[in-house]
Amino acid sequence: MLCVVRQALGQLAAGLGFSEAECHAVVLAVDEALTNIIRHAYRGNAEQPIEASFHRIEAAQNGQRREALEILLEDRGPAVDPEKLCGRALEDVKPGGLGLHFIRECMDTVEFSRSEGRNQLRLVKFLNVQGPEKGS
Amino acid sequence: MQIAARRLDKITIFDISGDIDLATSPELRKGLLRELRELRTPRVVLNLKSVRYIDSSGVASLVEALKASRDVGSRLILFGLNRTVRDVLQLSKLARIFEIYEDEAQSVSP
């Protein structure tokens, strides 16, 4: 199922005007977010519901209004412990714990919240961001 | 994801294709750890030319295999990384810990 989401999201991001590298970044971030929900919120059960919505928005970045892609992901798992959302030190050479780091590196805004019994993750990627690309 | 193994003298080459993600990385992890821990193959080479996508669970499987290779005194070598795979490894800041070559000839040379 994740591969279907990746393909569709890649096409959506390309259609909005993101570069190939930016499309890969958006796809990776959302894939990692969904993986984290399945693994941690739903304890590995991939059959549980995850609601995803995608919006083309205008938002402020560095004092300027810019077009952006906003992605909202919602799950009905237990509340996420904020202390577990810190990622880990990359100097530690060990498997695991990279997903959140990837999400933060790939997106411009990453926000977690809890509302009406749901965890919500808001991701934003700005179009035509000037300067060196993250992760390159 | 598909994995095919070619066994040469003291070298096993895994030809991997498709996507390495949450659903498929356990199979990769299992295959690599068996090759390293049980079969004690001195050199394990991963051909990643046909890997379209890898996520953090795939990177974690590679890291675990690398640690296993160090434990048993084997070498784990990657080659054929496309831009997507290379970018993800760079993003993880772990590219430097792997032995990476451009092609198979370099990977199997003595």
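Above this text sits the structure in question.
Residue positions are given per chain, counting from 1 as you read along its sequence in written order. Numbering of ligands from 1 and lettering of chains from A proceed in the order in which they are written. Per-residue local features are limited, in this predicted model, to residues with pLDDT of at least 70; the limit for side-chain atom pairs, both in listing and counting, is 80 or more; totals at the level of whole chains, interfaces and linings are taken over all residues. Side-chain numbers here rest on the full set of heavy atoms in the structure, without hydrogens or water.

S.K.: If you had to explain the interface of chain B and chain A to someone new, which residues and values would you point to?
M.R.: Contacts are assigned to residue pairs with any non-hydrogen atoms lying within 4.5 Å of each other. With 21 residues of chain B at the contact, the number on the chain A side is 23 residues. Take the accessible area each of two parts loses on contact, using a 1.4 Å probe, and add the two losses: that sum is the buried area. Counting the surface chain B buries against chain A, the share from its top three residues, Leu22, Tyr53 and Leu91 of chain B, is 32%. The working definition used for a salt bridge is a side-chain nitrogen of Lys or Arg within 4 Å of a carboxyl oxygen of Asp or Glu. For the pair chain B and chain A, the interface holds two salt bridges. Distance and chemistry together define a polar contact, namely a pair of N or O atoms within 3.5 Å, with one atom able to donate a hydrogen and the other to accept it when in protein, and with adjacent residues in sequence counting only for side-chain atoms on both sides. There are five residue pairs in polar contact (both at pLDDT 80 or more) connecting chain B and chain A. No other element matches helix H2 (residues 56-72) of chain B, which puts seven residues into the side of chain B that touches chain A. Labels follow the DSSP assignment, with helices taken as runs of H or I lasting at least four residues and strands as runs of E lasting at least two, numbered in each case from the N terminus.

S.K.: Talk me through the packing of helix H1 (residues 25-38) of chain B against H2 of chain B; I want residue IDs and the actual numbers.
M.R.: Residues and elements named next belong to chain B. It is the contact of H1 with H2, at a shortest axis distance of 9 Å, that shows an interaxial angle of 5°. The orientation of H1 with respect to H2, classified from their angle, is roughly parallel. Across from Ser25, Leu28, Arg29, Leu32, Leu33, Leu36 and Arg37 in H1, the residues of H2 making contact are Ser57, Gly58, Ser61, Leu62, Glu64, Ala65, Ala68, Ser69 and Val72. Any residue that is not Ala, Val, Leu, Ile, Met, Phe, Trp, Tyr, Cys, Pro, Asp, Glu, Lys or Arg is counted as polar, Gly included; the first ten are nonpolar and the last four charged. Grouping the amino acids of the contact of H1 with H2 by side-chain chemistry returns eight nonpolar, five polar and three charged. Structural elements are reduced to axes, namely lines fitted to C-alpha atoms, with helices fitted over the stretch in contact, and the angle between N-to-C directions of any two is expressed from 0 to 180 degrees. We call two directions roughly parallel when the angle between them is under 35 degrees, roughly antiparallel when it is over 145, roughly perpendicular when it lies between 65 and 115, and oblique otherwise.

S.K.: How would you sum up the nonpolar core? Please name residues and give values.
M.R.: A general trend in soluble globular proteins is that nonpolar side chains are found buried together. Here, the term nonpolar core denotes a set of buried Ala, Val, Leu, Ile, Met, Phe, Trp, Tyr and Cys residues that are joined through side-chain atoms within 4.5 Å. Think of it in three bands: with a 1.4 Å probe and only protein chains considered, a residue is buried below 20% of the maximum accessible area for its type, exposed above 50%, and partly exposed in between. Residues Leu46 and Phe98 of chain B are the most contacted members of the largest nonpolar core, which totals 62 residues. The biggest single contributor to this core is helix H2 (residues 20-41) of chain A, with 12 residues.

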